[in-house]
Amino acid sequence: MILGRQRRSSRAARWLLALSACGGDVSDGAQSSSASGASSTGAGTSGTIAGTATTTAAESTTSRTDVASASAGSSGADGSSSTGEPPADEGLQVRFLGVGGFSLRYRDAQVLSPPMYSNPDVLSVEFGDIAADPARVAAFLEPGSLSDTSAILVGHAHYDHLLDVPLLWEATAAATIYGNTSVRNLMLAAGVPERALVAVDDPAVALADMRMCPDDMCTGLAAGTEGAWIELPGARARALCSEHPDQIFGIVHFAPGCVDTVPMPLPTAADQWREGATMAFLVDFFEPGTRTIAFRVYVQDAPTNAPLGFPHDSLLDEHAIDLAVLNVGSWENVSDHPGAFIAAFAPRYVLGGHWEDFFRPQDQPLQPIPLQAPPEDFDAAALAALGDEPQPPVWVDGASVQARYFRPVPGTDFVFPPP
Ligand SMILES: [Zn+2]
C-alpha cells in the first residue's frame, strides 16, 4: 500500500532535517549541543543538502541517501552507540505525522496533535472546494496507530489542522477532541458526536488558561481565568490561550474570526474554517499509577508573540518542559520566535513542525511552505537559543543522535530520554 512504500522510501529522508539542523550548527562553530560525531560526518554538506533537497526529486533523493549513509555508522559525542534498540518504554515516543501532526506517547498514554493528510491543492484552497480525502488518510495513517489515543488537541480551527480530524477520530477507540468553540462547531457539522467534543474556551467549562492573554476573542472567556487540567488516562493537558499570526508577508491573515454556530452543511470553502481563539497545550505524562510527571511537552500549532501562548509561571513549578514542539510556518511574522520561548523555558529538546508544503500530499518531494521565510533560518535561531548545554542522545528512527533540535520530515520516529 502507499503507506508502506512511502515509509520505506522516506526512511533515509527522515534523517535529512535533523542533520541539516546539526549541519547548520556545526558550520557556525561548535557552540551548540548538536555538534557531535553523529552529525559531523555529514556536516560539511548537509546545510547545502537541506537547500538542494527542495529543488528536484532526483537531487533530493541522492542527497538524502548520502546524508543518511554518512551518519549511519557514527556515534554520539558521549560515545553512545548508534546501533541497538531505543529504550522505548522509558522514553517519550514521538512521531511526526505531517503538517501540525505529532503523536505523543509515554507507555500506554497517547495524545495526538492532529496531522492533515488530505492536503488539497492551492487552487482548491483559494478558489474551489476542499474536503477530507478518505483514500489519502487511509494511505498515510498507519492502521492501529491511533487506537490508544485519548485526546486530540487542536490549537485552532483552520482547515490544515482540522480537515482530517473526523477521520482521525474514527481511527481512535474513544478519543475526545479538545479545541476552541470554532473547532467544536465545525466538528459537529462534520458529524462528530457531541460527546467527543470539548470546547476549552466555552465559559461553561472554562478549561482554557487565560492568564497570559486578553479576553477570548470568540467566547469572551475572561483574561486571568486560571483554567484547569484536562485529566486523561496516564496524562493530563492544559489549554493555554495563544494567538495566530498573519501568514503571508505579515499582512494576509487567512480565515480569521470565529465559527459561532454549527455551520450546516460543513463548509467546503477553506476560508470558512475560521480559526477561532488559538490555543497551545501543555501535556504531562505520568509515571504509571502515580501523579509523578515523567515528561512534560509543550505543543503549539501557531507561532506566537511572547508572552501569548506561554505557560503561566505557576505551571512551571512542578516540572520543567522536556520537549517543546514549536511551529515553523509563519514564524517570521511574530517577534523573536523561537528564541523567546526557548530562552524563557529552556526545554531540553525542541522539534520544529508545520514547516512543509501542505498543498500537496506528503509522498511528494518535500519543500517548505511557499511564500514563507526559509525554515533553515528558523533552525539557526532555535540552535542559537538552545546554546551548548548537552542532553542525552535522542533515538531517531532507531539510531542514537546527539542533538537537541530537529525539524523532521513526516514519518520520523523519536524516543526522547527521561530527565
Ligand atoms: Zn492556522
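Source: prediction; values computed, not measured.

Draft legend 1. Structural view of unusual backbone geometry. Residue Pro265 is reached from Met264 by a cis peptide bond, and omega for that bond is -5°. Along the chain, Pro265 falls in the loop between strand 8 (235-241) and strand 9 (279-286). Note the cis peptide between His337 and Pro338, where omega equals 10°. Relative to the elements of secondary structure, Pro338 occurs in the loop between strand 11 (323-327) and helix 10 (339-345).

Draft legend 2. Molecular detail of the sheet that holds strand 1 (residues 92-98). As summarised here, the arrangement of the nine strands in space is 6-5-4-3-2-1-16-13-14, forming an open sheet in which the pairing is mixed. On the outer flanks of this sheet lie strand 6 (197-199) and strand 14 (399-401), each paired with one strand and no other. Between one strand and the next, the sheet's axes are offset by a mean angle of 25°, whatever the strand orientation. Two strands pair when backbone bridges link them, and strand 3 (residues 109-113) and strand 4 (residues 149-153) are joined in this way by three bridges, in the parallel orientation. Bridge pairing in strand 4 links Gln110 to Thr149.

Draft legend 3. Focus on helix 11 (residues 375-386). With 12 residues, helix 11 extends 17 Å from end C-alpha to end C-alpha; this agrees with the ideal 16 Å at 1.5 Å per step. Turning to helix 11, its buried residues are Pro375, Phe378, Asp379, Ala382, Leu383, Ala385 and Leu386. Down the axis, helix 11 shows its buried residues gathered within 165° of arc, on one side only. Positive backbone phi, approximately 70°, marks Gly387, located one or two places after helix 11.

Draft legend 4. Structural detail: helix 9 (residues 181-189). The buried fraction of helix 9 amounts to seven of the nine residues, a majority that puts the element mostly inside the structure. Residues of helix 9 that are buried include every one of Thr181, Ser182, Val183, Arg184, Asn185, Leu186 and Met187, and no others. In the core, the buried residues of helix 9 are packed alongside helix 7 (159-162), helix 8 (165-170), strand 5 (176-179) and strand 6. Once helix 9 finishes, Gly191 follows within two positions and takes phi at roughly 95°, a positive value.

About the cut-offs
Residues numbered from 1 in each chain as written. Predicted model: local features only at pLDDT ≥ 70, side-chain atom pairs only at ≥ 80, totals over all residues. Helix = DSSP H or I, 4+ residues; strand = E, 2+ residues; numbered from the N terminus. Pairing = 2+ DSSP bridges. Axes fitted to C-alpha atoms, helices over the stretch in contact; angles between N-to-C directions. Expected span 1.5 Å × (residues − 1). Buried ≥ 20, exposed ≤ 12 C-beta atoms within 10 Å, placed from the backbone. Arc of directions from axis to C-beta. Contact = placed C-beta atoms within 7 Å.

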